[in-house]
Amino acid sequence: MSNKEVKNFTRKLETGLRLAEKRMLEEKALRDESIVVSSAEGGIQYIPAKEVLATF
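Residues numbered from 1 in each chain as written. Predicted model: local features only at pLDDT ≥ 70, side-chain atom pairs only at ≥ 80, totals over all residues. Heavy atoms only, no water.

Novice: Would you mind showing me how to read unusual backbone geometry here?
Specialist: Only a minority of non-glycine residues have a phi that is not negative, and only a minority of peptide bonds are not trans. Despite not being glycine, D32 shows a phi value in the positive range, around 55°. Structurally, the position occupied by D32 is in the loop between α1 (3–30) and β1 (34–38). Relative accessible area serves as the criterion here: at 58%, D32 is assigned to the exposed category. (Helix = DSSP H or I, 4+ residues; strand = E, 2+ residues; numbered from the N terminus. Buried < 20%, exposed > 50% of the residue type's maximum accessible area, 1.4 Å probe, protein only.)

Printed below as a string of structure tokens:
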């Protein structure tokens, strides 16, 4: 793959992942569910999907 092809592939992949993440958050927000994330210290946090979606 040329450098241009790699950049194009990476851009498409990032776009697809962002879309999938948004759809997941929308579905979880509809069901009033939370998502699990790791804090900077390595701890576990539960954050409402609606809260995350509002900042997306």
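Having seen the model, we can carry on.
Novice: I would appreciate a short explanation of the pairing of β1 in the present structure.
Specialist: In regular strands, side chains alternate between the two faces of the sheet. In this structure, β1 lies alongside strand β2 (residues 44–48), joined through 5 bridges in antiparallel fashion. By the bridge assignment, V36 is partnered in β2 with Y46. The turn joining β1 and β2, which pair antiparallel and follow one another in sequence, is formed by 5 residues; a positive phi near 95° is taken by G42. (Pairing = 2+ DSSP bridges.)

Novice: How should I be thinking about the nonpolar core in this particular structure?
Specialist: Side chains that are nonpolar tend, in soluble globular proteins, to be buried together. Among the nonpolar cores identified, the biggest contains 5 residues, and these are L25, A29, I35, A49 and V52. Listed by contribution, the elements that provide at least two residues to this core are α1 and α2 (49–54). Not counting chain neighbours up to four residues away, the residues in contact with A49 comprise L25, K28, A29, E33, S34 and I35. (Core = buried A, V, L, I, M, F, W, Y, C linked by side-chain atoms within 4.5 Å. Contact = heavy atoms within 4.5 Å.)

Novice: Sorry if this is basic, but what is going on with the pattern of salt bridges here?
Specialist: Pairing between side chains becomes possible if they bear opposite charge and their charged atoms approach one another. This structure, assessed with the given rule, holds 3 salt bridges. In this structure, R31 and E33 form a salt bridge, with 3.3 Å as the shortest nitrogen-oxygen distance. A salt bridge links D32 to K50; the nearest nitrogen and oxygen atoms lie 2.6 Å apart. Separated by 18 residues along the polypeptide, D32 in the loop between α1 and β1 and K50 in helix α2 bring together distant segments of the chain. Within this structure, K28, R31 and E33 form a network of salt bridges that share partners. (Salt bridge = Lys/Arg side-chain N within 4 Å of Asp/Glu carboxyl O.)

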